[in-house]
Amino acid sequence: MAPKYPSPDHYLLRVHVSHRASRLVTGSLPVTINATLVPERDPWIKYLNLRVRNLYTVYDKNALINLVREKALQFGEFTLVSGKKASYYLDGKQITLDATGAHLVGEGILDLLSDRLPDAVGGMSIGADPITAAVLTLAGGRTLPLRGFMVRKEPKGHGLERYIEGPVREGDRVVIVEDVVTTGGSSLLAIERASQFGLEVEGVIAIIDRLEGGEAAFLERGYWLKSLLTVQDFGIEPAETPS
């Protein structure tokens, strides 16, 4: 329950707006921004701080589409990791290792996770690592209790010699993250190794789904797939997949 509402003359709050600007606010707080208040000085500010922790920056899908077009989408003749030939290539690291791109990806993935926050997110190194870092950074700004992990291609030859790295433990509910999903092979390997470790994998979130069989491969094994974008957001029709 909120403390008795004070006169606007009684407080002055500095609110950080979407990492781009700051403004001084008196009276009521805007409700569509991600804000951080000055340190608590009285019960009213303490209450507002609690409210602000639940505010979310709106994920800007169009901004992510434009950034992918500008930095990550290439046309030509390519061979994908899956071995398939393609007339276009999506270089996800051009987005996830870009400050604006990482922010957009982190916001979008947290929005997809908002209904049921897992204990941790992670995926196959090295492609998933910057995605995990982006999600955790923004989760920290929202004071969300989220952890991350990495799935090694090969176990370390020393120490614990395991495939999974990070503060996760057996029984944790986790979601696999991926930059681009085609047939789903990379994420399926991450799922296999996470499951062997004892993690409970719920599904996969990709930045972009090429719509070439990945979702079907996940569903067949009991996992869902969500994505921030699909190739159709760029006017590209997916290649036909074998039935």
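All chains use their own residue numbering, which begins from 1 and follows the written sequence. Whole-chain, interface and lining totals are the exception, using all residues; otherwise, since this is a predicted model, local features are given only for residues with pLDDT of at least 70 and side-chain atom pairs are given and counted only at 80 or more. With hydrogens and water excluded, all non-hydrogen atoms of the structure serve as input to the side-chain values.

Asker: Got a sec to walk through the packing of helix α2 (residues 61-71) against helix α4 (residues 99-113)? Specific residues and values, please.
Answerer: What counts as an axis is a line fitted to C-alpha atoms, over the stretch in contact for a helix, and the angles between N-to-C directions run from 0 to 180 degrees. Numbering goes from the N terminus for both helices and strands, where a helix is a DSSP run of H or I of at least four residues and a strand is a run of E of at least two. At a closest axis distance of 10 Å, the pairing of α2 and α4 adopts a crossing angle of 140°. Relative to α4, the element α2 is oriented oblique. Judged by the sense of rotation from one axis to the other, the crossing of α2 with α4 is left-handed. Where α2 approaches α4, its residues Ala63, Leu64 and Leu67 are matched on the opposing element by Thr100, Gly101, Leu104 and Val105. Class assignment of the residues belonging to the contact of α2 with α4 gives a composition of five nonpolar, two polar and no charged. Angle categories: roughly parallel below 35 degrees, roughly antiparallel above 145, roughly perpendicular from 65 to 115, and oblique for all the rest. When the near helix sits turned anticlockwise from the far one by under a right angle, the crossing is termed left-handed; a clockwise turn instead gives a right-handed crossing. Throughout, a residue-residue contact means that at least one pair of heavy atoms, one from each residue, lies within 4.5 Å. In this classification, the charged set is Asp, Glu, Lys and Arg, the nonpolar set is Ala, Val, Leu, Ile, Met, Phe, Trp, Tyr, Cys and Pro, and all remaining amino acids, among them Gly, are polar.

Asker: So what's going on with empty space enclosed by the protein? Residues and values would help.
Answerer: The way it works is a 1 Å grid over only the protein atoms, where trapped points that fit a 1.4 Å probe form a cavity and open points with protein on both sides within 12 Å along at least five of seven lines form a pocket, and then any residue with an atom within 4 Å of a point lines it. Grid points are joined across faces, edges and corners, and a volume is the space filled by probe spheres set on the points. Evaluation of the coordinates by the stated rule reveals one cavity of 30 Å³ or more. Every residue along the wall of the largest cavity is listed here: Val68, Ala72, Asp91, Gly92, Ile95, Asp179, Val180, Ile207 and Ile208. By residue class, the composition of the lining of the largest cavity is six nonpolar, one polar and two charged.

Asker: If you had to explain unusual backbone geometry to someone new, which residues and values would you point to?
Answerer: Note that the residue after Ser125, namely Ile126, is joined by a cis bond; omega there is 5°. Among the structural elements, Ile126 can be located in the loop between β5 (120-124) and α5 (129-141). The phi dihedral of Thr143 falls on the positive side, at around 55°, and the residue is not glycine. Looking at the element boundaries, Thr143 is found in the loop between α5 and β6 (147-151). A residue is classified by how much of its surface remains accessible, and Thr143, at 49% relative accessible area, is partly exposed. Burial classification: accessible surface area is computed with a 1.4 Å probe over protein chains only, and a residue below 20% of its type maximum counts as buried, one above 50% as exposed, and the rest as partly exposed.

Just distances and angles here, no functional claims.
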